[in-house]
Amino acid sequence: MATLDTAPRPQAPAAHPAPARSRRRRRGRTQGLIGWAFLAPFAVVFLVFLVAPLLYAFYLSLFSKGLATGERFAGLDNYTRAFTDPAFLNGVWFVVRFSLVVIPVQILVALAAALVLDSVTSRFARFSRLMIFVPYAIPAVIGAVIWGFLYSPNFGPLEQLFGDGAPFLLSPDNLFYGFTNVVTWQWAGYYMIIIYAALQGIDPAVYEAARIDGAGSWQIATRIKIPMISSALILILVFSLIGTLQFFTEPQVLTPISNGAISTDITPNVYAFNLAFRFAQFNYASAISFALGFVVFIGVYVFLFLTRKRGGFLK
Amino acid sequence: MKNRLLTAVIGAGTVMASLAACGGGDGGGGDAASADAGNCSVPITKTEAPVVSVWAWYPNMKTVVENFNESHDDVQVCWTNAGQGADQYARFQTAVSAGTGAPDVVMLETDMVPVFSLQEALVDLTGYGASEVEGNFGAGAWEDVSSGDAVYGIPIDGGPMAMMYRTDVFEQYGITPPTTWDEYRAAGEALKAAGGPLMGDFPANVPAPTVALMQQNGAEPWVYDSADPTQLEIDLNSPESKEVLDYWAGLVRDGLVGTQDQFTTDYIAGAIRGDYATYISAAWAPGYLTGAGAGEGEDAGNWAVAPLPQWDPANPVSVNWGGSVLAVTSQAPEPELAAQVAMELYADDASLTDGWTSQTIFPLNQSVLSSQEFIDNESEFFSGQTANKDVYIPAAEAYEGSTYSPFGTTFYAQFTEEIAAINAGEKTGSEALDDLQAEMEEYATQQGFTLN
């Protein structure tokens, strides 16, 4: 320890014309190191639990393993198979159709609720806001189980309303509407909160000015509020697009009570799960997952491209 | 701030501990050193003995393992309940694919044995003394766990099929238990005409009993020998199978049977309420229904059991649904020790008796099947009927065994879709089987099988 004290201090004297800069640079480097140190825990988790599994899954997807044959390198065969596999394509088609219905419904419900709650300021509004948000706080699995009971032809309210002729919302014909209802119930409250927060951010002076100009509540809502929160709307559109294309929990939970109407390949995510953990096809399941990721990426990219003027939040 | 830091540290510690726990499972717990006694559901008393890890889900497994550990000084069992049926298979499948993490001994339903033996996940027990216990079981039970000369599991319980029925419904509408499928249909028509409940149920979610009913009519959907694992014969759309499926499709079309998924709250509620006059099921079904709350309160005294209706009463055929075996996994470091556990774990009289008296299982061990106590047992659920003697024992003894699909999970999933299509009125039984045949042939070829 003593040597440290007696040792000459390195480069303390200003031998060079730009000592301040070099000191600043050194300080900058130290700060950089500290920054990295703070970042390290996240970086480790990110690499170990996200990047590494992704790379491994991609590696898996390049091989193929039949039950009666050994493992072999297959290159992109699994991907060609995926994009010609009717089970996968039907699943993609299902979630695309589903998105076209569910997303507008969800957003309309959320937008209407947010606009109403934004104009009403009473204790009741605060209570309603909480109540609309509550479904999101319920885990999706439990929500699906509850809906399973509500849809039940033996216990459900539909049976009590309509008697024996009650529609079974999980039958092959009604499945689409059954899912639409569950998903809207689950997510509309969450989107409502996002829209509501955006509405709260608007300066009330704008409304005042509009009122002076003679605008009514409806005009304020459609001509001022909605355009001013358009970037929040784009944000939730992207959220719901990604969420719907990856539709998984509800079909998975409701399958056992659907009398066979929900198949193992109803959505690409459910298909990938079943391929891997039930049918022992991990390689093909990895390929399906990446193919789905590709579809989602294309979908979101196209969407953002079409709405590029509004989608400022991603730039 | 301090508290939050502490929480974070504890949280991280928990994550690390659970990761370490996962790592600890890698050895399969075969040798005494690697098996952590703290992870066993029943404490191991004789810590110096080697330990074999077991996955099993029977409700009375605790008693069984306690009995085993108590009576064995040479080996101890570390038992884990890794989930019932599909949950456990998903876990086991993952361990098999990963090549690590499987237990030494695993409980499997009989029809899942070829699925895992094909992936070389199970050990052939012929080299480990399986022939010594062969005599404890009936020929059909042994055939179920064998493939060619190889034996992949030790039977525990079986599911000889029979027809459970509601005595209250039968009495009210003046119906006697049908002995043939023609009479079964006639009874259904009589019930419908009189405004009575459904005759039975044709569920999509459990195709296994439907396969059994096809076999009852002489169908042999899968021909397969593990000695030559890439050769396979698929015959799902034989005339015998088509007759059976068209028959059930007709019952569904005419509204004589329901299409409700089984093992669901809705089905149980309907069964207890008397919505179905019969339940075509196996010997374990009374125990299952009792556990689900049937046969109690207002439902008490409503149930009885009769032999399964036949196609040809002159040549009755017995079939099986369900039942389980204990198999040794190829990840077991000491297969000999594991095989010993598989053969002795559910074989002592105390465990077997506990199994059948609590109505959990229908044992296949001859020591029980031939015991007077078992034969003369008056079932409480069937209001004192000697169901074992009258129905289940003859069915179990007449059962000749079957060959199950080597990719049962995929097959059942596909069959579920076909039955759902029948129930939705989109296909006839024959059409569904033709489609199923084509799909299974395509799948088998894709998986590298040679079709004969």
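Each chain has its residues counted from 1, following the order in which its sequence is written. Key to labels: chains lettered from A, ligands numbered from 1, both in the order written. Where totals are concerned, whole chains, interfaces and linings use all residues; where local detail is concerned, this predicted model gives features only for residues with pLDDT of at least 70, and gives and counts side-chain atom pairs only at 80 or more. Each side-chain value is worked out from all heavy atoms of the structure, with water and hydrogens disregarded.

- An unreviewed UniProt entry lists chain B under the name Multiple sugar transport system substrate-binding protein, with Modestobacter roseus as the source organism.

- In the nomenclature of an unreviewed UniProt entry, chain A is known as Multiple sugar transport system permease protein of Modestobacter roseus.
- UniProt positions are given in the numbering used here, feature names are shortened, and annotations may be inferred rather than shown by experiment. If you open the UniProt record of chain A and go to Sequence similarities (unreviewed entry), you find "Belongs to the binding-protein-dependent transport system permease family."
- UniProt, in its Subcellular location (unreviewed entry) section for chain A, records the words "Cell membrane".

## Description of the sheet that holds strand E8 (residues 222–224) of chain B
Residues and elements named next belong to chain B.
Piece 1. The pairing criterion for strands is at least two bridges between them, as found by DSSP. Helix numbering and strand numbering both begin at the N terminus, where a helix is a DSSP run of H or I of at least 4 residues and a strand a DSSP run of E of at least 2. A sheet is described by the order of its strands in space; here three strands give the open sequence E8-E9-E14, paired in mixed fashion. A single partner strand is all that each edge strand has here, and the edge strands are E8 and strand E14 (450–451).
Piece 2. Here two bridges tie strand E9 (residues 231–234) to E14, and the two strands are oriented parallel to one another. Each residue of the ladder has a partner; that of Leu232, found in E14, is Leu451.
Piece 3. Running over the sheet, helix H19 (residues 429–446) touches E8, E9 and E14 and is turned about 170° from E9. By the convention used here, residues are in contact when the closest approach between their heavy atoms is within 4.5 Å. Every angle, taken between N-to-C directions, lies between 0 and 180 degrees, and every axis is a line fitted to C-alpha atoms, over only the stretch in contact when it is a helix.

## Things to note about the nonpolar core
Piece 1. Buried Ala, Val, Leu, Ile, Met, Phe, Trp, Tyr and Cys residues that are joined via side-chain atoms within 4.5 Å together make up what is termed a nonpolar core. Exposure is judged per residue with a 1.4 Å probe applied to protein chains only, and the accessible area is read against the type maximum: over 50% gives exposed, under 20% gives buried, and values in between give partly exposed. Of all hydrophobic cores here, the largest spans 145 residues; its most connected members are Phe92(B), Leu108(B), Phe116(B), Met164(B), Trp248(B) and Tyr392(B).
Piece 2. Built from parts of two domains, this core gets at least three residues from each of domain 1 (2–158 + 322–389) and domain 2 (160–319 + 404–451) of chain B.
Piece 3. The residues touching Tyr392(B), leaving out its near neighbours within four places in the chain, are Pro160(B), Ala162(B), Met164(B), Ala282(B), Ala283(B), Pro286(B), Val305(B), Phe362(B), Phe382(B) and Ala387(B).
Piece 4. With 74 residues, the next largest nonpolar core counts Phe168(A), Phe179(A), Ala210(A) and Leu292(A) among its residues. An automatic or database domain assignment supplies the start and end points of every domain.

## Focus on the pairing of E9(B)
Residue and element names in this part refer to chain B.
Piece 1. Every second residue of E9 is oriented toward a common face, the buried set being Leu232 and Ile234 and the non-buried set Gln231 and Glu233.
Piece 2. Summarising the sheet, E8 and E9 pair through three bridges and their orientation is antiparallel. When the sheet's bridge partners are listed, Tyr224 is paired in E9 with Leu232.
Piece 3. The hairpin formed by E8 and E9 contains six residues between the paired strands.

## A look at the side chain of Gln310(B)
Residue and element names in this part refer to chain B.
Piece 1. Summarising the element assignment, Gln310 is placed in the loop between strand E12 (303–307) and strand E13 (320–328).
Piece 2. You can call Gln310 buried: its relative accessible area is 12%.
Piece 3. Engagement of the side chain of Gln310 in a polar contact is seen with the backbone oxygen of Leu308, the distance being 3.5 Å.
Piece 4. Every residue in contact with Gln310, bar those within four places of it in the chain, is listed here: Thr179, Thr180, Trp181, Gln216, Asn315, Pro316 and Val317. We call two N or O atoms a polar contact when they sit within 3.5 Å, provided that within protein one can donate a hydrogen and the other can accept it, with sequence-adjacent residues counted only if both atoms are side-chain atoms.

## Some points on the confidence of the model for chain A
Piece 1. The pLDDT value tells you how sure the predictor is about a given residue, anywhere from 0 up to 100. Averaged over chain A, the pLDDT score is 85; the fraction of residues at 70 or greater is 90%.
Piece 2. Counted against residues more than four places away or in other chains, residues 1–15 of chain A, with its pLDDT under 50, gives one contact.

## Let's talk about the UniProt feature "domain: ABC transmembrane type-1" (unreviewed entry) in chain A
Piece 1. Residues annotated in UniProt with the feature "domain: ABC transmembrane type-1" (unreviewed entry) correspond here to residues 92–307 of chain A.
Piece 2. Taken end to end, residues 92–307 of chain A comprises 76% helix and 0% strand; its first and last C-alpha atoms sit 23 Å apart.

## Comments concerning the interface of chain A and chain B
Piece 1. Contacts between chain A and chain B engage 28 residues on the former and 33 residues on the latter.
Piece 2. In total, chain A and chain B occlude about 2,300 Å² of area from one another, counting both sides; carbon and sulfur atoms represent 54% of this.
Piece 3. When a carboxyl oxygen of Asp or Glu lies within 4 Å of a side-chain nitrogen of Lys or Arg, that pair is called a salt bridge. Our count for the contact surface shared by chain A and chain B stands at zero salt bridges.
Piece 4. At the boundary of chain A with chain B, the tally comes to seven residue pairs in polar contact (both at pLDDT 80 or more).
Piece 5. Residue type decides the class: Asp, Glu, Lys and Arg count as charged, Ala, Val, Leu, Ile, Met, Phe, Trp, Tyr, Cys and Pro as nonpolar, and the leftover types, Gly among them, as polar. Its residues assigned to classes, the side of chain A that touches chain B comprises 13 nonpolar, eleven polar and four charged. Summed over both partners, the accessible area lost on bringing two parts together, with a 1.4 Å probe, is the buried area.

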